[in-house]
Amino acid sequence: MFQVEIIEKCKQNNRAAQLQIYNQYCDGMYAVAMRFVKDSMEAEDIVQEAFIKAFAKLHQYKAEVTFGAWLKRIVINKSIDLLKSKKQHLLQLEEVHLKVVDDNDDNWFVEDTITLEEVKEAIKKLPEKYKYVVMLYLVEGYDHQEISEILSISEVASRTQLSRGKVKLKELLTLTSNGTTRY
């Protein structure tokens, strides 16, 4: 059955079609939630809430992006909402103090001796204001416009936080590669 047909059946509250969509996307959405909340129970709750919201708001889905991308954005927003509620609010940078960052600096190279696990651990240690932008950019593949919409910050703030996060991440990874800190 084609994706469009399944989505149409879901819009008509067809439980079998909804289950088929759920089974198709639940593992991937769980992995996305886990990258943010790091707790399996919270990630499961986020995925459940995301599917409930997606099925309730399915009439708003316009197929401009794939259903998976649309659902992933809901999962990310739910994850961030949970993190915000736990922390009361994300630390916001005042835009007056932001520097404009040169977009051409895409140098994310690290030493060959650094493992993927060490990069993930270093990202976890970033300050929250940088961590979310770095995760959305590097791990989830969003651009600055999408990140600004997801986090409710300007594109300038997204670029600046990414640039500063990258500097901080490289510092953490340099410490790791010099043997000063191992995760």
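Preceding this section is the structure that the text describes.
Calculation criteria
- Residues numbered from 1 in each chain as written.
- Predicted model: local features only at pLDDT ≥ 70, side-chain atom pairs only at ≥ 80, totals over all residues.
- Heavy atoms only, no water.
- Helix = DSSP H or I, 4+ residues; strand = E, 2+ residues; numbered from the N terminus.
- Buried < 20%, exposed > 50% of the residue type's maximum accessible area, 1.4 Å probe, protein only.
- Contact = heavy atoms within 4.5 Å.
- 1 Å grid on protein atoms, 1.4 Å probe; cavity = no way out; pocket = protein on both sides within 12 Å on 5 of 7 lines; lining within 4 Å.
- Points joined across faces, edges and corners; volume = space filled by probe spheres on them.
- Nonpolar A, V, L, I, M, F, W, Y, C, P; charged D, E, K, R; others polar.
- Axes fitted to C-alpha atoms, helices over the stretch in contact; angles between N-to-C directions.
- Parallel < 35°, antiparallel > 145°, perpendicular 65-115°, else oblique.
- Left-handed = near helix turned anticlockwise from the far one by under 90°.
- Salt bridge = Lys/Arg side-chain N within 4 Å of Asp/Glu carboxyl O.
- Core = buried A, V, L, I, M, F, W, Y, C linked by side-chain atoms within 4.5 Å.
- Phe/Tyr/Trp six-rings, centres within 6.5 Å; stacked < 30°, edge-to-face > 60°.

S.K.: For this particular structure, what's the right way to read the overall build of the protein chain?
M.R.: Helices and strands together make up the secondary structure of the protein chain, namely 8 helices and 0 strands. The 183 residues of the protein chain split such that 39% are buried. Restricting to contacts in the protein chain with at least 6 residues of sequence separation, those with at least 24 account for 68%.

S.K.: Would you take a moment to explain the layout of surface pockets for this structure?
M.R.: Space left empty within the atom packing is revealed by a probe, the size of a water molecule, rolled over the atoms. The computed volume of the largest pocket comes to approximately 300 Å³. Forming the walls of the largest pocket are Met-34, Arg-35, Lys-38, Leu-116, Val-119, Lys-120, Ile-123, Lys-124, Lys-131, Met-135, Leu-138 and Val-139. Going through the elements one at a time, helix 2 (15-37), helix 5 (116-124) and helix 6 (128-139) are the ones with two or more residues in the lining of the largest pocket. A total of 5 residues in the lining of the largest pocket trace back to one element, the largest contributor, which is helix 5. The residue inventory of the lining of the largest pocket, partitioned by class, reads 7 nonpolar, no polar and 5 charged. Lining the second largest pocket, in full, are Lys-53, Lys-57, Gln-60, Val-65, Ala-69, Trp-70, Arg-73, Ile-74, Asn-77, Tyr-142 and Glu-146.

S.K.: Sorry if this is basic, but what is going on with the packing of helix 1 (residues 3-11) against helix 2 here?
M.R.: Helices that pack against each other are described as a pair by the angle of their axes relative to one another and the distance between those axes. Two numbers describe how helix 1 lies on helix 2: the axes approach to 8 Å, and their chain directions differ by 125 degrees. Taken together, the axes of helix 1 and helix 2 lie oblique to each other. Note that helix 1 runs across helix 2; the crossing there is left-handed. Mapping the contact onto sequence places Gln-3, Ile-6, Ile-7, Lys-9 and Cys-10 in helix 1 and Ala-17, Gln-18, Gln-20, Ile-21, Gln-24 and Tyr-25 in helix 2. Among the residues forming the contact of helix 1 with helix 2, the class breakdown is 6 nonpolar, 4 polar and 1 charged.

S.K.: In this structure, what is going on with the pattern of salt bridges? I would like to understand it.
M.R.: Once their charged atoms are close, side chains differing in charge can pair, the charge on each being opposite to the other. Tallying each qualifying case throughout the model produces 7 salt bridges. Here Glu-149 makes a salt bridge to Arg-73, at a shortest N to O gap of 3.6 Å. Here Arg-73 lies in helix 4 (residues 67-87) and Glu-149 lies in helix 7 (residues 144-151), a separation of 76 residues in the sequence. One salt-bridge network, in which partners are shared between bridges, spans Arg-35, Lys-72 and Glu-140.

S.K.: Can you walk me through the nonpolar core in this structure?
M.R.: Buried together is how nonpolar side chains tend to be arranged in soluble globular proteins. If you look at the biggest cluster of nonpolar residues, it comprises 49 residues, and the most contacted ones within it are Ile-21, Phe-36, Phe-67, Leu-136 and Leu-151. Secondary structure elements with two or more residues in this core: helix 1, helix 2, helix 3 (40-56), helix 4, helix 5, helix 6, helix 7 and helix 8 (155-177). Here this core gets 9 residues from one element, more than from any other, and that element is helix 2. In this structure, Leu-151 is in contact with Ile-80, Lys-84, Tyr-132, Val-133 and Leu-136, ignoring residues within four places of it in sequence.

S.K.: What exactly am I supposed to notice about the packing of aromatic side chains here?
M.R.: For any two aromatic rings, the description comes down to two numbers: the centre-to-centre distance and the angle of the planes. Enumeration according to the criterion identifies 6 aromatic pairs in this entry. Taking the centre distance of 6.0 Å and the plane angle of 40 degrees together, the rings of Phe-51 and Phe-55 count as tilted. Here Phe-51 and its partner Phe-55 are both found in helix 3, 4 residues apart, which amounts to about one turn of the helix. You'll find Phe-51 and Phe-55 in the same group, each marked buried. Here the aromatic rings of Tyr-61 and Phe-67 are separated by 5.6 Å at their centres, their planes lie at 90 degrees, and the arrangement is edge-to-face. On the basis of relative accessible area, Tyr-61 is assigned to the buried category, the value being 11%.

These results come straight from atomic positions and should not be treated as a statement about function.
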